[in-house]
Amino acid sequence: NAGVTQTPKFQVLKTGQSMTLQCAQDMNHEYMSWYRQDPGMGLRLIHYSVGAGITDQGEVPNGYNVSRSTTEDFPLRLLSAAPSQTSVYFCASSYQRGGHEQFFGPGTRLTVL
Amino acid sequence: AQSVTQPDIHITVSEGASLELRCNYSYGATPYLFWYVQSPGQGLQLLLKYFSGDTLVQGIKGFEAEFKRSQSSFNLRKPSVHWSDAAEYFCATSGSARQLTFGSGTQLTVLP
């Protein structure tokens, strides 16, 4: 099992550009989520999904879109990047039932100039 | 709404010394509690978790944590720290909705 994979590892964007951060898991987890990590603030939830076709907003959803067409994939879209979106982004997944343990990907470091 | 407080931003200990990282949570019911560790440039690895039952939880790498409902705390401990334990440590909680709420993290430095 590869676990949770994220691409790319690093990305530099100019203000106003769009891009998609990819996340995939091969553990057949129903629940997937996106967090951003900023210094001194821990990780904050952006969006999450409890299954294919179902998504919902987390604590900091503005400026981000998600969709969940398959169980395996949960891409995060930045439609018009802003410097405030410079951060490290983590994708995570878990079973919908059971102990809530979430497995994290290695992260994507995004810089918006 | 649930919240997690890690009052220590940075802790420095000598190798071989004992370690305690503090975590306080706010949640109406019995929460699910977690400790994660993040090495530089890496993702988060789960150290241990508490759901119910025995309030002293054993984790990987020799870590343990104790759930104290009366103090709303879930402190992480290790009797003897190794240089490889230098990392950032995050306490987190989740309720029935499964969404994780993280503390701001504690950076651990280990002196030789």
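Given the structure is predicted, the values throughout are model-derived calculations rather than measurements.

(A) The arrangement of the side chain of B:Q6 in detail. Residue and element names in this part refer to chain B. If you trace the backbone, Q6 turns up in the loop between β1 (3-5) and β2 (10-14). Within polar-contact distance, the side chain of Q6 engages the side chain of T106 at 3.3 Å. For Q6, the residues in contact, after removing those within four places along its chain, are R22, W35, Y89, F90, C91, G103, S104, G105 and T106.

(B) Main features of the packing of aromatic side chains. Taken as a whole, this structure holds 15 aromatic pairs over all chains when the rule is applied. Ring centres of B:Y50 and B:F67 lie 4.5 Å apart, and the angle between their planes is 25°; this geometry places the pair in the stacked category. With a gap of 17 residues between them, B:Y50 in strand β6 (residues 44-50) and B:F67 in strand β8 (residues 64-68) connect regions that are remote in the sequence. The pair formed by B:Y50 and B:F67 is uniform in burial state, with each residue classed as buried. A network of ring pairs unites the aromatic residues A:Y35, A:F104, B:Y32, B:F34, B:Y36, B:F51, B:F90 and B:F102 as a single cluster.

(C) Spotlight on the interface of chain B and chain A. Counting residues at the interface gives 21 residues for chain B and 22 residues for chain A. Carbon and sulfur atoms make up 53% of the area that chain B and chain A hide from each other, which totals about 1,700 Å². Looking at the side of chain B facing chain A, the largest losses of area belong to B:R98, B:Q99 and B:F102, adding up to 39% of the total buried there. At the boundary of chain B with chain A, the tally comes to 1 salt bridge. The partner of A:E101 in a salt bridge is B:K49, with the nearest N and O atoms 2.8 Å apart. Where chain B meets chain A, there are 5 residue pairs in polar contact (both at pLDDT 80 or more). Counting only elements with at least two residues in the side of chain B that touches chain A, the list comes to β5 (32-38), β6, β10 (87-94) and β11 (100-102) of chain B.

The rules behind the values
- Residues numbered from 1 in each chain as written.
- Chains lettered and ligands numbered in written order.
- Predicted model: local features only at pLDDT ≥ 70, side-chain atom pairs only at ≥ 80, totals over all residues.
- Heavy atoms only, no water.
- Helix = DSSP H or I, 4+ residues; strand = E, 2+ residues; numbered from the N terminus.
- Polar contact = N/O pair within 3.5 Å; in protein donor to acceptor, adjacent residues only side chain to side chain.
- Contact = heavy atoms within 4.5 Å.
- Phe/Tyr/Trp six-rings, centres within 6.5 Å; stacked < 30°, edge-to-face > 60°.
- Buried < 20%, exposed > 50% of the residue type's maximum accessible area, 1.4 Å probe, protein only.
- Buried area = accessible area lost by both parts, 1.4 Å probe.
- Salt bridge = Lys/Arg side-chain N within 4 Å of Asp/Glu carboxyl O.

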